[in-house]
Amino acid sequence: MRDPYACYGEMSARGAIIQTRGGLLVATTHELCTTLLRDPRFGRGTESMDSGEPGQPAVSFLWLDPPDHTRLRALVSRAFTPRMLERLRPRVEAITAGLIGGLADEADLMSGLAYPLPIMVISEMLGVPPEDHERFRGWSQSLARSLDPMLTDELASESGRAGREFRDYFRGLLTLRRERPGDDLLSALARVEELTEAELLATCVLLLVAGHETTVNLIGNGVLHLAGRGLLRQAAERPKQVVEEVLRYDPPVQLTHRVALEDTELGGMPVPKGVPVMALIGAANRDPAVFPDPGRFDVDREPGRHFAFGLGIHFCLGATLARMEGEIALSALARAAPGLELADPAPPYKQNVVLRGLAELPVRLRRSA
(Lines give C-alpha, C1' and ligand atoms only; values in the text may rest on other atoms or scores of the structure.)
Protein backbone atom coordinates (compact mmCIF):
# COMPACT_ATOMS: atom_id res chain seq x y z
CA MET A 1 0.00 0.00 0.00
CA ARG A 2 2.84 2.39 0.75
CA ASP A 3 4.43 2.12 -2.70
CA PRO A 4 2.60 0.03 -5.30
CA TYR A 5 4.57 1.56 -8.16
CA ALA A 6 7.51 -0.82 -7.88
CA CYS A 7 5.05 -3.68 -8.33
CA TYR A 8 3.46 -1.88 -11.27
CA GLY A 9 6.89 -1.51 -12.86
CA GLU A 10 7.49 -5.25 -12.57
CA MET A 11 4.12 -5.93 -14.18
CA SER A 12 4.80 -3.46 -17.00
CA ALA A 13 8.15 -5.15 -17.66
CA ARG A 14 6.29 -8.41 -18.34
CA GLY A 15 4.24 -6.87 -21.16
CA ALA A 16 1.79 -4.21 -22.28
CA ILE A 17 -1.02 -6.59 -21.35
CA ILE A 18 -0.49 -9.45 -18.93
CA GLN A 19 -2.48 -12.19 -17.29
CA THR A 20 -2.05 -12.54 -13.54
CA ARG A 21 -1.79 -15.87 -11.74
CA GLY A 22 -5.46 -15.46 -10.88
CA GLY A 23 -6.33 -15.16 -14.57
CA LEU A 24 -7.02 -11.41 -14.55
CA LEU A 25 -6.09 -9.46 -17.69
CA VAL A 26 -4.28 -6.19 -16.96
CA ALA A 27 -3.34 -3.39 -19.39
CA THR A 28 -0.20 -1.66 -18.12
CA THR A 29 0.78 0.89 -20.79
CA HIS A 30 -0.58 4.30 -21.69
CA GLU A 31 -1.35 3.17 -25.24
CA LEU A 32 -3.37 0.10 -24.26
CA CYS A 33 -5.19 1.88 -21.44
CA THR A 34 -6.20 4.56 -23.97
CA THR A 35 -7.63 1.87 -26.23
CA LEU A 36 -9.37 0.09 -23.38
CA LEU A 37 -11.04 3.24 -22.06
CA ARG A 38 -12.03 4.67 -25.45
CA ASP A 39 -12.73 1.73 -27.74
CA PRO A 40 -16.48 0.88 -28.03
CA ARG A 41 -15.55 -2.82 -28.10
CA PHE A 42 -15.03 -2.45 -24.35
CA GLY A 43 -17.57 -1.16 -21.84
CA ARG A 44 -19.03 -1.76 -18.42
CA GLY A 45 -21.04 -4.73 -19.60
CA THR A 46 -24.34 -3.36 -18.26
CA GLU A 47 -26.94 -1.60 -20.38
CA SER A 48 -29.73 -1.13 -17.85
CA MET A 49 -29.94 0.08 -14.28
CA ASP A 50 -32.30 -2.79 -13.53
CA SER A 51 -30.28 -5.35 -11.58
CA GLY A 52 -32.47 -8.16 -12.84
CA GLU A 53 -32.69 -9.57 -9.33
CA PRO A 54 -35.83 -9.06 -7.22
CA GLY A 55 -35.09 -6.87 -4.23
CA GLN A 56 -31.67 -5.83 -5.52
CA PRO A 57 -30.95 -2.11 -5.95
CA ALA A 58 -30.28 -0.50 -9.29
CA VAL A 59 -26.66 0.18 -10.17
CA SER A 60 -25.47 3.74 -10.72
CA PHE A 61 -24.65 5.09 -14.16
CA LEU A 62 -20.96 4.68 -13.30
CA TRP A 63 -21.42 1.00 -14.18
CA LEU A 64 -23.66 1.45 -17.22
CA ASP A 65 -23.12 1.39 -20.97
CA PRO A 66 -25.27 3.37 -23.40
CA PRO A 67 -28.13 4.04 -23.75
CA ASP A 68 -28.90 4.38 -20.02
CA HIS A 69 -25.46 5.78 -19.24
CA THR A 70 -25.87 8.49 -21.88
CA ARG A 71 -29.34 9.45 -20.67
CA LEU A 72 -28.53 9.59 -16.97
CA ARG A 73 -25.16 11.29 -17.31
CA ALA A 74 -26.72 13.99 -19.47
CA LEU A 75 -29.32 14.74 -16.78
CA VAL A 76 -26.72 15.10 -14.02
CA SER A 77 -23.96 16.81 -16.03
CA ARG A 78 -25.92 20.08 -16.16
CA ALA A 79 -24.81 20.77 -12.58
CA PHE A 80 -21.13 20.10 -13.32
CA THR A 81 -20.33 22.43 -16.20
CA PRO A 82 -17.23 24.60 -15.72
CA ARG A 83 -19.40 27.72 -15.63
CA MET A 84 -21.69 26.30 -12.94
CA LEU A 85 -18.77 25.09 -10.86
CA GLU A 86 -16.88 28.36 -11.12
CA ARG A 87 -19.76 29.97 -9.25
CA LEU A 88 -18.85 27.71 -6.34
CA ARG A 89 -15.27 29.00 -6.12
CA PRO A 90 -15.92 31.71 -3.48
CA ARG A 91 -17.74 29.20 -1.29
CA VAL A 92 -14.98 26.59 -1.66
CA GLU A 93 -12.40 29.24 -0.77
CA ALA A 94 -14.41 30.26 2.30
CA ILE A 95 -14.81 26.68 3.53
CA THR A 96 -11.09 26.05 2.98
CA ALA A 97 -10.07 29.18 4.88
CA GLY A 98 -12.32 28.22 7.79
CA LEU A 99 -10.94 24.69 7.99
CA ILE A 100 -7.30 25.78 7.80
CA GLY A 101 -7.94 28.51 10.37
CA GLY A 102 -9.35 25.89 12.72
CA LEU A 103 -6.34 23.57 12.52
CA ALA A 104 -4.12 23.24 15.56
CA ASP A 105 -0.38 23.81 15.11
CA GLU A 106 0.00 20.01 15.11
CA ALA A 107 -2.87 18.34 13.31
CA ASP A 108 -4.01 15.43 11.20
CA LEU A 109 -4.54 17.03 7.81
CA MET A 110 -6.80 14.23 6.56
CA SER A 111 -9.46 14.67 9.24
CA GLY A 112 -8.89 18.43 9.53
CA LEU A 113 -8.94 19.44 5.84
CA ALA A 114 -8.74 16.72 3.19
CA TYR A 115 -11.92 14.92 4.27
CA PRO A 116 -14.24 17.74 5.43
CA LEU A 117 -13.64 20.11 2.50
CA PRO A 118 -14.99 17.97 -0.36
CA ILE A 119 -17.75 16.40 1.77
CA MET A 120 -18.97 19.88 2.74
CA VAL A 121 -18.89 21.08 -0.87
CA ILE A 122 -20.74 18.13 -2.43
CA SER A 123 -23.22 18.05 0.46
CA GLU A 124 -24.06 21.71 -0.05
CA MET A 125 -24.48 21.10 -3.77
CA LEU A 126 -26.89 18.26 -3.05
CA GLY A 127 -28.67 20.04 -0.23
CA VAL A 128 -27.63 17.63 2.51
CA PRO A 129 -27.90 19.15 6.04
CA PRO A 130 -24.52 19.83 7.71
CA GLU A 131 -25.45 17.78 10.78
CA ASP A 132 -25.58 14.65 8.61
CA HIS A 133 -22.08 14.93 7.12
CA GLU A 134 -20.41 12.72 9.72
CA ARG A 135 -22.95 9.94 9.12
CA PHE A 136 -21.58 9.53 5.61
CA ARG A 137 -18.02 8.71 6.63
CA GLY A 138 -18.60 5.04 7.47
CA TRP A 139 -21.04 4.44 4.63
CA SER A 140 -18.75 6.06 2.08
CA GLN A 141 -15.66 4.20 3.25
CA SER A 142 -17.49 0.87 3.02
CA LEU A 143 -18.67 1.60 -0.52
CA ALA A 144 -15.16 2.72 -1.51
CA ARG A 145 -13.74 -0.60 -0.31
CA SER A 146 -16.34 -2.45 -2.38
CA LEU A 147 -14.61 -1.24 -5.56
CA ASP A 148 -11.55 -3.38 -4.81
CA PRO A 149 -11.06 -6.43 -7.06
CA MET A 150 -10.51 -8.93 -4.22
CA LEU A 151 -13.62 -8.48 -2.07
CA THR A 152 -14.14 -10.72 0.97
CA ASP A 153 -17.61 -11.92 2.01
CA GLU A 154 -17.35 -9.74 5.10
CA LEU A 155 -16.57 -6.60 3.10
CA ALA A 156 -19.30 -7.41 0.58
CA SER A 157 -21.83 -7.75 3.40
CA GLU A 158 -20.64 -4.50 4.99
CA SER A 159 -20.85 -2.70 1.66
CA GLY A 160 -24.36 -4.00 1.06
CA ARG A 161 -25.50 -2.75 4.45
CA ALA A 162 -23.90 0.66 3.86
CA GLY A 163 -25.59 0.93 0.48
CA ARG A 164 -29.01 0.14 1.95
CA GLU A 165 -28.60 2.69 4.75
CA PHE A 166 -27.36 5.31 2.29
CA ARG A 167 -30.35 4.78 0.00
CA ASP A 168 -32.77 4.84 2.92
CA TYR A 169 -31.28 8.16 4.02
CA PHE A 170 -31.67 9.70 0.56
CA ARG A 171 -35.17 8.28 0.20
CA GLY A 172 -36.20 10.24 3.27
CA LEU A 173 -34.37 13.39 2.18
CA LEU A 174 -35.94 13.25 -1.30
CA THR A 175 -39.38 13.10 0.29
CA LEU A 176 -38.57 16.30 2.17
CA ARG A 177 -37.22 18.00 -0.96
CA ARG A 178 -40.38 17.16 -2.91
CA GLU A 179 -42.44 18.75 -0.17
CA ARG A 180 -40.12 21.73 0.35
CA PRO A 181 -37.87 22.18 -2.70
CA GLY A 182 -34.66 24.16 -2.35
CA ASP A 183 -32.04 25.63 -4.65
CA ASP A 184 -29.92 22.47 -4.69
CA LEU A 185 -29.10 19.54 -6.94
CA LEU A 186 -31.22 17.08 -4.98
CA SER A 187 -34.34 19.22 -5.41
CA ALA A 188 -33.57 19.54 -9.11
CA LEU A 189 -33.13 15.78 -9.53
CA ALA A 190 -36.36 15.12 -7.65
CA ARG A 191 -38.22 17.13 -10.31
CA VAL A 192 -36.84 15.07 -13.23
CA GLU A 193 -39.74 12.88 -14.31
CA GLU A 194 -37.51 10.66 -16.48
CA LEU A 195 -35.74 9.31 -13.39
CA THR A 196 -37.20 6.28 -11.65
CA GLU A 197 -36.96 6.06 -7.87
CA ALA A 198 -34.20 3.44 -8.13
CA GLU A 199 -32.23 5.52 -10.63
CA LEU A 200 -32.59 8.61 -8.48
CA LEU A 201 -31.36 6.90 -5.31
CA ALA A 202 -28.42 5.24 -7.06
CA THR A 203 -27.43 8.56 -8.62
CA CYS A 204 -27.57 10.40 -5.27
CA VAL A 205 -25.32 7.85 -3.59
CA LEU A 206 -22.87 7.94 -6.51
CA LEU A 207 -22.66 11.73 -6.52
CA LEU A 208 -21.98 11.97 -2.81
CA VAL A 209 -19.40 9.17 -2.67
CA ALA A 210 -17.64 10.01 -5.95
CA GLY A 211 -17.92 13.71 -5.14
CA HIS A 212 -15.51 13.52 -2.25
CA GLU A 213 -13.56 10.24 -1.95
CA THR A 214 -11.12 10.94 -4.77
CA THR A 215 -10.61 14.57 -3.75
CA VAL A 216 -9.75 13.48 -0.21
CA ASN A 217 -6.90 11.41 -1.66
CA LEU A 218 -5.84 14.18 -4.05
CA ILE A 219 -5.40 16.69 -1.21
CA GLY A 220 -3.65 14.19 1.06
CA ASN A 221 -1.30 12.99 -1.67
CA GLY A 222 -0.55 16.57 -2.68
CA VAL A 223 0.53 17.64 0.81
CA LEU A 224 2.52 14.43 1.30
CA HIS A 225 4.58 14.82 -1.88
CA LEU A 226 4.95 18.58 -1.77
CA ALA A 227 5.80 18.97 1.91
CA GLY A 228 8.00 15.89 1.87
CA ARG A 229 10.12 17.54 -0.83
CA GLY A 230 9.99 21.07 0.54
CA LEU A 231 7.87 22.16 -2.42
CA LEU A 232 4.64 23.24 -0.77
CA ARG A 233 5.20 26.90 -1.71
CA GLN A 234 4.91 25.84 -5.36
CA ALA A 235 1.20 25.19 -4.77
CA ALA A 236 0.64 28.89 -4.11
CA GLU A 237 2.63 29.98 -7.15
CA ARG A 238 1.27 27.57 -9.76
CA PRO A 239 -1.57 25.49 -8.34
CA LYS A 240 -2.78 24.07 -11.65
CA GLN A 241 0.58 22.54 -12.59
CA VAL A 242 1.06 21.18 -9.08
CA VAL A 243 -2.35 19.48 -9.02
CA GLU A 244 -1.80 17.91 -12.44
CA GLU A 245 1.53 16.43 -11.37
CA VAL A 246 0.02 15.06 -8.15
CA LEU A 247 -2.75 13.46 -10.21
CA ARG A 248 -0.23 11.89 -12.57
CA TYR A 249 2.37 10.85 -10.02
CA ASP A 250 0.07 9.38 -7.38
CA PRO A 251 -3.50 9.18 -8.74
CA PRO A 252 -6.40 8.88 -6.27
CA VAL A 253 -7.84 6.08 -8.44
CA GLN A 254 -5.27 3.38 -9.14
CA LEU A 255 -7.15 1.18 -11.57
CA THR A 256 -10.47 0.68 -13.30
CA HIS A 257 -11.90 -2.00 -15.55
CA ARG A 258 -13.83 -2.58 -18.74
CA VAL A 259 -15.52 -5.67 -20.14
CA ALA A 260 -15.18 -6.99 -23.68
CA LEU A 261 -18.57 -6.47 -25.36
CA GLU A 262 -17.63 -8.85 -28.17
CA ASP A 263 -14.90 -11.35 -28.98
CA THR A 264 -11.92 -9.13 -29.62
CA GLU A 265 -8.23 -8.60 -28.81
CA LEU A 266 -6.08 -6.09 -26.98
CA GLY A 267 -2.37 -5.73 -27.53
CA GLY A 268 -2.35 -8.96 -29.51
CA MET A 269 -4.01 -10.96 -26.71
CA PRO A 270 -7.43 -12.52 -27.39
CA VAL A 271 -10.18 -11.18 -25.12
CA PRO A 272 -13.41 -13.21 -25.30
CA LYS A 273 -16.77 -11.49 -24.90
CA GLY A 274 -17.65 -10.86 -21.26
CA VAL A 275 -14.06 -10.99 -19.97
CA PRO A 276 -13.00 -8.01 -17.83
CA VAL A 277 -9.71 -6.18 -18.38
CA MET A 278 -8.10 -3.91 -15.81
CA ALA A 279 -6.67 -0.54 -16.86
CA LEU A 280 -3.75 -0.07 -14.47
CA ILE A 281 -3.90 3.73 -14.18
CA GLY A 282 -1.05 3.89 -11.69
CA ALA A 283 1.26 2.19 -14.21
CA ALA A 284 0.01 4.05 -17.31
CA ASN A 285 0.59 7.38 -15.55
CA ARG A 286 4.25 6.42 -15.24
CA ASP A 287 4.72 5.07 -18.75
CA PRO A 288 8.19 6.28 -19.90
CA ALA A 289 6.99 6.32 -23.51
CA VAL A 290 4.74 9.26 -22.58
CA PHE A 291 6.25 10.77 -19.42
CA PRO A 292 10.06 11.22 -19.38
CA ASP A 293 11.65 10.09 -16.12
CA PRO A 294 8.17 9.10 -14.88
CA GLY A 295 9.19 8.15 -11.34
CA ARG A 296 10.32 11.69 -10.59
CA PHE A 297 7.84 14.10 -9.00
CA ASP A 298 8.29 17.19 -11.17
CA VAL A 299 6.03 20.24 -10.89
CA ASP A 300 7.73 21.66 -14.00
CA ARG A 301 6.43 18.76 -16.08
CA GLU A 302 4.13 19.61 -18.98
CA PRO A 303 0.69 18.58 -17.69
CA GLY A 304 -1.83 16.43 -19.47
CA ARG A 305 -2.54 12.96 -20.82
CA HIS A 306 -2.74 11.23 -17.45
CA PHE A 307 -5.64 8.95 -16.56
CA ALA A 308 -6.44 10.20 -13.05
CA PHE A 309 -10.01 10.94 -14.14
CA GLY A 310 -10.33 8.19 -16.71
CA LEU A 311 -11.00 8.67 -20.41
CA GLY A 312 -13.79 8.31 -22.92
CA ILE A 313 -17.50 8.34 -22.14
CA HIS A 314 -16.83 7.51 -18.48
CA PHE A 315 -14.44 10.43 -17.95
CA CYS A 316 -15.05 11.65 -14.40
CA LEU A 317 -18.04 13.98 -14.28
CA GLY A 318 -16.57 15.80 -11.29
CA ALA A 319 -13.04 16.28 -12.65
CA THR A 320 -13.38 20.07 -12.85
CA LEU A 321 -14.72 20.24 -9.28
CA ALA A 322 -11.95 17.97 -7.93
CA ARG A 323 -9.26 20.01 -9.65
CA MET A 324 -10.71 23.25 -8.29
CA GLU A 325 -10.92 21.90 -4.74
CA GLY A 326 -7.36 20.55 -4.94
CA GLU A 327 -5.95 23.81 -6.29
CA ILE A 328 -7.75 25.91 -3.67
CA ALA A 329 -6.86 23.63 -0.74
CA LEU A 330 -3.17 23.24 -1.59
CA SER A 331 -2.59 26.89 -2.51
CA ALA A 332 -4.42 28.16 0.60
CA LEU A 333 -2.42 25.80 2.81
CA ALA A 334 0.84 26.93 1.19
CA ARG A 335 0.01 30.57 1.88
CA ALA A 336 -1.16 29.98 5.45
CA ALA A 337 1.60 27.55 6.45
CA PRO A 338 4.50 27.79 3.98
CA GLY A 339 6.83 26.03 6.42
CA LEU A 340 4.51 23.05 6.97
CA GLU A 341 6.38 19.88 7.93
CA LEU A 342 5.35 16.24 7.94
CA ALA A 343 5.24 14.97 11.52
CA ASP A 344 5.40 11.43 10.13
CA PRO A 345 7.34 11.00 6.86
CA ALA A 346 5.73 7.58 6.34
CA PRO A 347 2.07 8.07 7.33
CA PRO A 348 -0.37 5.12 7.30
CA TYR A 349 -2.54 4.27 4.32
CA LYS A 350 -6.09 3.01 4.14
CA GLN A 351 -6.39 -0.55 2.88
CA ASN A 352 -8.22 0.46 -0.30
CA VAL A 353 -6.65 -0.83 -3.50
CA VAL A 354 -8.65 1.14 -6.09
CA LEU A 355 -9.26 4.39 -4.17
CA ARG A 356 -5.83 4.39 -2.56
CA GLY A 357 -5.12 7.14 -0.06
CA LEU A 358 -3.80 8.11 3.35
CA ALA A 359 -5.56 7.18 6.56
CA GLU A 360 -3.79 9.96 8.48
CA LEU A 361 -1.35 12.76 7.68
CA PRO A 362 0.11 14.28 10.86
CA VAL A 363 1.71 17.67 10.21
CA ARG A 364 3.27 20.64 12.00
CA LEU A 365 1.82 23.74 10.38
CA ARG A 366 4.54 26.36 10.97
CA ARG A 367 2.09 29.15 10.07
CA SER A 368 3.26 32.37 8.50
CA ALA A 369 3.32 35.50 10.65
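Everything below is about the structure printed above this text.
Criteria and thresholds
- Residue indices follow the written sequence of each chain, beginning from 1 at its first position.
- Only residues with pLDDT of at least 70 are given local features in this predicted model, and only at 80 or more are side-chain atom pairs given and counted; all residues enter the totals for whole chains, interfaces and linings.
- Excluded from the side-chain calculation are hydrogens and water; included are all heavy atoms of the structure.
- Salt bridges are identified by distance alone: a Lys or Arg side-chain nitrogen within 4 Å of an Asp or Glu carboxyl oxygen.
- Whether a residue is buried, partly exposed or exposed follows from its accessible area with a 1.4 Å probe, protein chains only, as a fraction of its type maximum: under 20%, in between, or over 50%, in that order.
- Secondary structure follows DSSP: runs of H or I at least 4 residues long count as helices, runs of E at least 2 residues long count as strands, and numbering of each begins at the N terminus.
- Paired strands are those between which DSSP finds at least two bridges.
- Residue types Ala, Val, Leu, Ile, Met, Phe, Trp, Tyr and Cys, when buried and joined through side-chain atoms within 4.5 Å, form a set referred to as a nonpolar core.
- In what follows, residue pairs with any heavy atoms lying within 4.5 Å of each other are defined as contacts.

Draft legend 1. Region of the structure containing the pattern of salt bridges. Following the criterion strictly, the structure yields 21 salt bridges and no others. Taking the shortest distance from any N to any O, the salt bridge between D132 and R135 comes out at 3.7 Å. With a relative accessible area of 45%, R135 lands in the partly exposed category. Here E165 makes a salt bridge to R161, at a shortest N to O gap of 3.2 Å. Of this pair, E165 and R161 both sit in helix α9 (residues 153-179), separated by four residues, roughly a single helical turn. Residue classification places E165 among the partly exposed residues on the basis of a relative accessible area of 31%. Salt bridges sharing partners connect three or more residues here, namely D68, R71 and E199.

Draft legend 2. Seen up close, the pairing of strand β5 (residues 256-260). Where burial is concerned, most of β5 is hidden: four out of the five residues are buried. Sheet analysis places strand β3 (residues 42-43) next to β5, joined by two bridges and oriented antiparallel. Residue pairing across strands places G43 opposite V259, the latter belonging to β5. When β5 meets strand β8 (residues 276-279), the two strands line up antiparallel, connected through four bridges. Its bridge partner being in β8, R258 is matched across the sheet by V277.

Draft legend 3. Seen up close, the nonpolar core. Grouped together as the largest cluster of nonpolar side chains are 86 residues, with contacts concentrated most on F80 and F170. With 10 residues, the single largest contributor to this core is helix α16 (residues 319-336). Setting aside its immediate chain neighbours within four residues, F80 contacts L85, I122, M125, L185, L207, L317, G318 and L321. Of all hydrophobic cores here, the second largest spans 30 residues; its members include L36, F42, A260 and I281.

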